[in-house]
Amino acid sequence: MTWNGEARLAEQWGRVRARLQTEVGEVEYRTWLKQVSFAGLAGDEVVVMLPTRFLRDWVNKEYGDLIAAFWQQENPAVKRVEFRTGVPAAARPAAPDLAEPAPAQPALAPQRPETMAALDQRFTFETFVVGKPNEFAYACARRVAESPAMAGFNPLFLYGGVGLGKTHLMHAIAWELSTKPRGGRPVSVAYMSAERFMYRFINALRSQSTLEFKSELRSVDVLMIDDLQFLIGKDNTQEEFFHTFNALVDAGKQIVISADKSPSDLSGLEDRLRTRLGCGMVADLHATTFELRYSILDAKAQRAGVEVPPKVLEFLARKITSNNRELEGALNRLVAHANLFNRQVTIDTAHEVLHDVLKAHDRKISIQEIQKRVCEHYNIRIAEMSSARRARNIARPRQVAMYLAKQLTSKSLPDIGRHFGDRDHTTVMHAVSRITDLIAQDAAFAEDVELLKRLLEN
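Asks: Can you break down the overall build of the protein chain residue by residue, with the values?
Replies: Within the protein chain one finds 19 helices and eight strands. Intrachain contacts of the protein chain at a sequence separation of at least 6 include 73% that bridge at least 24 residues. Summed over its atoms, the accessible surface of the protein chain is roughly 22,900 Å², and 50% of this surface lies on carbon and sulfur atoms.

Asks: Describe the pattern of salt bridges, and please don't skip the residues or the numbers.
Replies: This structure, assessed with the given rule, holds 21 salt bridges. The salt bridge partner of Arg 274 is Asp 271, with a shortest N-O separation of 2.7 Å. Here Arg 274 pairs with Asp 271, and both are found in helix α9 (residues 271-277), just three residues apart, close to one helical turn. On the basis of relative accessible area, Arg 274 is assigned to the buried category, the value being 19%. Asp 271 sits in the exposed class, given a relative accessible area of 56%. In this structure, Arg 418 and Asp 415 form a salt bridge, with 2.2 Å as the shortest nitrogen-oxygen distance. Of this pair, Arg 418 and Asp 415 are both found in helix α17 (residues 413-418), three residues apart, which corresponds to roughly one turn of the helix. By sharing partners, the salt bridges in this structure join Glu 314, Arg 318, Arg 373 and Glu 376 into a single network.

Asks: Could you give me a rundown of the layout of surface pockets, with the residues and numbers involved?
Replies: In this structure, the second largest pocket spans a volume of roughly 260 Å³. Residue lining of the second largest pocket: 13 residues in total, with Arg 390, Ala 395, Arg 398, Gln 399 and Thr 427 positioned closest to the centre. Taken together, the elements giving at least two residues each to the lining of the second largest pocket come down to α16 (392-408) and α18 (425-441). Within the lining of the second largest pocket, the residues separate by chemical class into four nonpolar, three polar and six charged.

Asks: Explain the sheet that holds strand β5 (residues 189-193) to me, using residue names and the numbers behind them.
Replies: Remark on secondary structure: sheet strands pair via backbone hydrogen bonds, oriented parallel or antiparallel. Taken in spatial order, the five strands line up as β5-β6-β7-β4-β8 in an open sheet, and their pairing is parallel. Only two strands of the sheet have a single neighbouring strand rather than two, namely β5 and β8 (281-285). Ignoring strand direction, the axes of neighbouring strands in this sheet form an average angle of 15°. Relative to β8, strand β4 (residues 156-160) runs parallel, the two being bridged by five bridges. What sits directly across from Gly 160, in β8, is Leu 285. Packed onto the sheet, helix α4 (residues 135-146) meets β4, β7 (254-259) and β8 and runs at close to 135° relative to β8.

Asks: I'd love a proper account of the sheet that holds strand β1 (residues 37-42), names of residues and values included.
Replies: Across the sheet, which stays open at both edges, the three strands sit in the order β1-β2-β3 with mixed pairing between neighbours. This sheet does not close on itself; its edge strands, each paired only once, are β1 and β3 (80-85). Looking at each pair of strands side by side, their axes are set apart by 25° on average, direction ignored. Alignment of β1 against strand β2 (residues 45-50), held across five bridges, turns out to be antiparallel. Bridge pairing links Gly 40 to Val 47 in β2.

Asks: Please set out the nonpolar core residue by residue, giving values where relevant.
Replies: Of all hydrophobic cores here, the largest spans 29 residues; its most connected members are Phe 125, Leu 156, Leu 158, Leu 169, Ile 173 and Met 224. Contributing elements (two or more residues each) for this core: α4, β4, α5 (166-179), β5, β6 (222-226) and β8. Considering every element that reaches this core, the biggest residue donor is α5, with seven residues. Excluding anything up to four places from it in sequence, Leu 169 contacts Phe 125, Phe 128, Ala 137, Tyr 138, Ala 141, Leu 158 and Leu 285.

Asks: How would you summarise the environment of Gly 233 if you had to cite specific residues and measurements?
Replies: Mapped onto the elements, Gly 233 comes out in the loop between β6 and α8 (235-250). A residue is classified by how much of its surface remains accessible, and Gly 233, at 55% relative accessible area, is exposed. As a C-alpha pair, Gly 233 and Ser 267 span 34 residues in sequence and 9.5 Å in three-dimensional space. Leaving out residues up to four positions away in the same chain, Gly 233 has contacts with Gln 238 and Gly 268.

Asks: Would you mind going over the packing of aromatic side chains in detail, with residue names and values included?
Replies: Both the distance between ring centres and the angle between the ring planes are used here to describe each pair of aromatic rings. In total, this model carries 11 aromatic pairs according to the counting rule given. Look at Phe 128 and Tyr 138: their rings are 5.7 Å apart centre to centre, the planes differ by 10°, and that puts the pair in the stacked class. Remark: Tyr 138 occurs in helix α4 and Phe 128 occurs in the loop between β3 and α4; sequence separation between them is 10 residues. Residue Phe 128 is classed as buried on the basis of its relative accessible area, which comes to 9%. For the ring pair Phe 290 and Tyr 294, a centre distance of 6.1 Å and an interplane angle of 50° mean the geometry is tilted. Placement of both Phe 290 and Tyr 294 in helix α10 (residues 290-304) is noted, with a separation of four residues, approximately one turn of the helix. Residue Tyr 294 is classed as partly exposed on the basis of its relative accessible area of 23%. Grouped by ring-pair contacts, the aromatic residues Phe 197, Phe 201, Phe 213, Phe 241 and Phe 245 constitute a single cluster. The cationic tip of Arg 272 hangs over the ring face of Phe 242; the distance from NZ or CZ to the ring centre is 4.2 Å. Residue placement shows Arg 318 over the ring face of Phe 290; its charged tip is 3.9 Å from the ring centre.

Asks: So, the packing of helix α6 (residues 194-206) against helix α7 (residues 210-218): which residues are in play, and what are the values?
Replies: Axis separation between α6 and α7 bottoms out at 7 Å; the angle between their running directions is 145°. Residue-level contacts link Phe 197, Arg 200, Phe 201, Ala 204 and Leu 205 of α6 to Thr 210, Phe 213, Glu 216 and Leu 217 of α7. Along the lines of polarity and charge, the residues of the contact of α6 with α7 split into six nonpolar, one polar and two charged.

Thresholds applied
- All residue numbers here refer to positions counted from 1 along the written sequence of the relevant chain.
- Per-residue local features of the predicted model are confined to residues with pLDDT of at least 70, and side-chain atom pairs are confined, for both listing and counting, to 80 or more; whole-chain, interface and lining totals are unaffected and use all residues.
- In computing side-chain values, all of the structure's heavy atoms are included and hydrogens and water are not.
- Each helix is a run of DSSP H or I of at least 4 residues and each strand a run of E of at least 2, with the numbering of both proceeding from the N terminus.
- Contacts between residues were defined by any pair of non-hydrogen atoms, one from each residue, lying within 4.5 Å.
- Using a 1.4 Å probe, the Shrake-Rupley method yields the accessible areas, and only the shown protein chains count as cover for residues.
- The salt bridge definition used is simple: a Lys or Arg side-chain nitrogen within 4 Å of an Asp or Glu carboxyl oxygen.
- Partly exposed residues are those whose accessible area sits between 20% and 50% of the maximum for their type, while under 20% is buried and over 50% is exposed, using a 1.4 Å probe and protein chains only.
- Cavity means a closed set of points on a 1 Å grid over the protein atoms alone, one where a 1.4 Å probe fits but cannot get out, pocket means an open set with protein on both sides within 12 Å along at least 5 of 7 lines, and lining means a residue has an atom within 4 Å of a point.
- Grid points are joined across faces, edges and corners, and a volume is the space filled by probe spheres set on the points.
- Each residue is assigned to one class: nonpolar for Ala, Val, Leu, Ile, Met, Phe, Trp, Tyr, Cys and Pro, charged for Asp, Glu, Lys and Arg, and polar for all the others, Gly among them.
- Strand pairing follows a simple DSSP-based rule, namely that at least 2 bridges must link the two strands.
- Helix axes are fitted to C-alpha atoms over the stretch in contact, other axes to C-alpha atoms as well, and angles between N-to-C directions run from 0 to 180 degrees.
- Only buried residues count toward a nonpolar core, which is a set of Ala, Val, Leu, Ile, Met, Phe, Trp, Tyr and Cys residues joined through side-chain atoms within 4.5 Å.
- Pairing of aromatic side chains here covers Phe, Tyr and the six-membered ring of Trp, requires ring centres within 6.5 Å, and sorts the geometry by plane angle: under 30 degrees stacked, over 60 edge-to-face, intermediate tilted.
- The rule for a charge over a ring is simple: NZ of Lys or CZ of Arg within 6 Å of the ring centre, and within 35 degrees of the ring normal.

Below, the structure is given as structure tokens:
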């Protein structure tokens, strides 16, 4: 391969890395993807390398498809990406790292290595959307940021499922403490993932610098450890964390922890550590409600200066219910597609662009669910689906539900009629015919029915 060919690949790799950093965010990029190295192109296969087997397997599992997709967009000749362990040969031309420009200033002093550099500027209290499922955790995080090491709030233990806002609150606390001096001096904050804590501890053991490691962490005012569940099964690292925990609490320093489960449910942690973790404030973040998901999407669209129709926000909020991270990622993809191809953001484009995400959330639809969704949409009681009332504000939603039942289920007309107060099949036929006519005549009504259909269909 000529030097020009290698230089071209290096430039492509630089753009791939820049897109990865934009897509996953600063924190995830620094934690998992910064150490990925480009090793070369063999036929139609790109080879990338990572320094450890753990990192190789994790990046391949979590980001392999994304890296491959970005490479194929940069270079259509690439068909697959091979992940290997090691470091590329020194003779290989270095890829310009567009995502990580060389720092103009010296690195942070050793005593504060894990603070501001690891934080994502998007994750502040101001950008956190508060709702019923997370209001208690938010209030606790605010209290710790305002008064660290306060009685009853040390340690603060935040727990909940993936993508519900734990890391956002952790970063918000760190930003608040790091940027606002207390008592005439700045607060020193050490923020890191549990995996990073383990990695640095093992390095300290290998380099015989454990004293420096202990001194560094125990000199901070606030220690923050994200995703503590990664320490399960790591007995030596747990031991070191336990002693660091005790030293800081005894010295009146604040500790903030996050995990996917409460301390009592983290089986695999030593009992003494589990007990200490539960002795402060434990706050959980529940699964999001429709209202909270809608608010999150609306806030994100407003911050980005993008106009997204309310019906599209409603569609996404109802359809993607797993976690906020996936929800925001879906909105990012939809908006990016609209900008790239100069198209309007509509429910149709959402269904087209997000077909893979929506497919993962598909489930078999039932007539009962159709009735429930229609009643919620038109704000009527579920009992009206079977009632004899013929007022228009009741009869029209009932007809919509019958129409959707015919469109989205394999039930026969008599079966559908039985779910609507034992109505005759001819009544269902009339409802289907009437709604079909209205869809053709009234664009706004057609959009309403289409929204309901998109929310319900397989």
